[in-house]
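# Commentary on secondary and tertiary structure
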Amino acid sequence: KHGRRLSGTVAIYSKEDKKSMHRYKADEAYLVGAKASPVGAYLGYEEIVKVALENDVDAIHPGYGFLSENVHFARLCEANGIAFVGPESSVLNKFGDKTLARALAIEHGVPVVPGTDGERAAERLRKPLC
């Protein structure tokens, strides 16, 4: 897609992880979030996509943390032609909203734990008790 042959794996790392094994096991590794906290470095999805674009990365695996559920990150990858290794942003959008996810499950016959019925329950709570 970008005119470069697949060369292997690319890793990102925070300044605190500069000696981490994953950095050295990858074929290429790039620092992200130089001015961010250790966690903030890995959550800065705009910078991660920028690094990916600058280095002809074709796909990003978001890991198993917050970025794997971040619809904005998935959309940004999609918008830049980078494969997001995970659910499409439309799926993340549905399941990131618990009310939508519950309604979708019910619509498809998936058993759900009994709970409130959304806005109707909220409306009942707003009514005066006496």
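Going by the structure above, here's the rest.
### A closer look at the environment of Tyr-42
Assignment of secondary structure puts Tyr-42 in helix α2 (residues 38-43). Residues Tyr-42 and Tyr-13, spaced 29 residues apart in sequence, show a C-alpha to C-alpha distance of 7.6 Å. Contacts of Tyr-42, omitting those with residues within four sequence positions, involve Ile-12, Tyr-13, Ser-14, Asp-17, His-22, Ile-48 and Leu-67.

### Comments concerning the pairing of strand β1 (residues 10-13)
Residues in a regular strand point their side chains to alternate faces of the sheet. Judged by which residues are buried, β1 turns out to be one-sided: Ala-11 and Tyr-13 face inward and are buried, whereas Val-10 and Ile-12, on the alternate face, are not. With four bridges joining them, β1 and strand β2 (residues 28-31) adopt parallel strand pairing. The partner of Ile-12 across the bridge, within β2, is Tyr-30.

### A word on the pattern of salt bridges
Evaluation of the coordinates by the stated rule reveals two salt bridges. Between Glu-16 and Lys-15 there is a salt bridge, and its shortest N-O distance comes to 3.5 Å. For Glu-16, a relative accessible area of 42% translates into the label partly exposed. Residue Lys-15 is classed as partly exposed on the basis of its relative accessible area of 34%. A salt bridge links Lys-50 to Glu-54; the shortest N-O distance between them is 3.0 Å. A residue pair is termed a helical-turn pair when its members lie 3 or 4 positions apart in one helix, as Lys-50 and Glu-54 do in helix α3 (residues 45-54) at four residues.

Criteria and cut-off values
- Numbers given to residues run from 1 along each chain, matching the order in which its sequence is written.
- In keeping with the model being predicted, local features are shown solely for residues with a pLDDT of at least 70 and side-chain atom pairs are shown and tallied solely at 80 or more, while totals for entire chains, interfaces and linings include all residues.
- Note that water and hydrogens are dropped before the side-chain values are worked out from all heavy atoms of the structure.
- Only DSSP runs of H or I reaching four residues or more are called helices, and only runs of E reaching two or more are called strands; each is numbered from the N terminus.
- Residues count as neighbours in contact if any of their non-hydrogen atoms are within 4.5 Å of one another.
- We call a residue buried when its accessible area falls under 20% of the maximum for its residue type, exposed when it is over 50%, and partly exposed in between, using a 1.4 Å probe and counting protein chains only.
- In this analysis, strands are considered paired if DSSP registers two or more bridges between them.
- Each salt bridge in this description consists of a side-chain nitrogen of Lys or Arg and a carboxyl oxygen of Asp or Glu lying within 4 Å of one another.

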